[in-house]
Amino acid sequence: MNLVVNGDAERGPGGNAEPVGTVAGWRIAQGAPALVGYTVGGGYPTAADPGPARRGSRFFSGGNSPRTALVQDIRLPFFGPVGRAAVDAGRVRYRLTAWLGGYAGQEDGARLSAEFRDRAGTPVALSVLGPVTAAERGARTGLLERTASAAVPPGARTVRVLLVFTRSGGGTSNDGYADGMSMHLTATRGHDK
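Here the structure is a predicted model, which is why all the values come from computation and not from measurement.

*Asks:* Sorry if this is basic, but what is going on with the nonpolar core here?
*Replies:* A general tendency of soluble globular proteins is for nonpolar side chains to be buried together. By size, the foremost hydrophobic cluster in this structure holds 36 residues, and its most contacted members are W26, F60, V152, L163, M181 and M183. Contributions of two or more residues to this core are made by strand 4 (67–75), helix 1 (84–88), strand 5 (92–102), strand 6 (109–117), strand 9 (158–166) and strand 10 (177–187). Among the elements that make up this core, the one with the highest residue count is strand 5 (five residues). Dropping the residues within four chain positions of it, V152 is found in contact with L76, V87, V92, R93, Y94, F116 and L185. Among the nonpolar cores identified, the runner-up in size contains nine residues, and A34, V36, Y38 and Y44 belong to it.

The structure is reproduced here in structure tokens:
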């Protein structure tokens, strides 16, 4: 089960390159993002550019703001083998995945972070993906996959997912892009002594 709601930009308003005031599943903390269709063209990523193999019809961009930030606060789902005792014993792993990118040789970028918090809301661990640089993209418009995997920290009860788009240079568009964001939990077997 993907814990990130609407990590593929498929739900809610948008579809063109215009900024939106709401994004399904996310709280806009700063700026005004855009949910851009892969058919918009005009320099935005298309289905022919690097990106998820099974992409939907849209992706996230930073809109026209110098800095755009979207947030989700997720309660960890404790059921079956992924229970509190398993988390606290270090027997649950997470895998955080995102496709991140930008436009041509520009350094506008997107960063996805997952901050695990205990029941009091105190941060106990942080995982960060991106941004993907223009050099990593070969100065080509597109999105590249980034992943991180580790044990869910003992005591974690929630995770704050933060998606930040940053415009690095001139122009009016914030050409940081993101798509295919997910977080999955997996229980591991303990070792008997």
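*Asks:* Help me understand the side chain of S65, please; the structure alone is not making it clear to me.
*Replies:* With respect to the helices and strands, the residue S65 is situated in the loop between strand 3 (58–61) and strand 4. On the accessibility criterion, S65 (13% relative accessible area) is buried. Residues in contact with S65, not counting those within four places in the same chain, are G31, A32, R167 and N174.

*Asks:* Sorry if this is basic, but what is going on with the environment of P81 here?
*Replies:* Relative to the elements of secondary structure, P81 occurs in the loop between strand 4 and helix 1. Separated by 108 residues in sequence, P81 and R189 place their C-alpha atoms 9.4 Å apart. Those residues in contact with P81 that sit more than four places away from it in its chain are A86 and A187.

Basis of the calculations
- Residues numbered from 1 in each chain as written.
- Predicted model: local features only at pLDDT ≥ 70, side-chain atom pairs only at ≥ 80, totals over all residues.
- Heavy atoms only, no water.
- Core = buried A, V, L, I, M, F, W, Y, C linked by side-chain atoms within 4.5 Å.
- Buried < 20%, exposed > 50% of the residue type's maximum accessible area, 1.4 Å probe, protein only.
- Helix = DSSP H or I, 4+ residues; strand = E, 2+ residues; numbered from the N terminus.
- Contact = heavy atoms within 4.5 Å.

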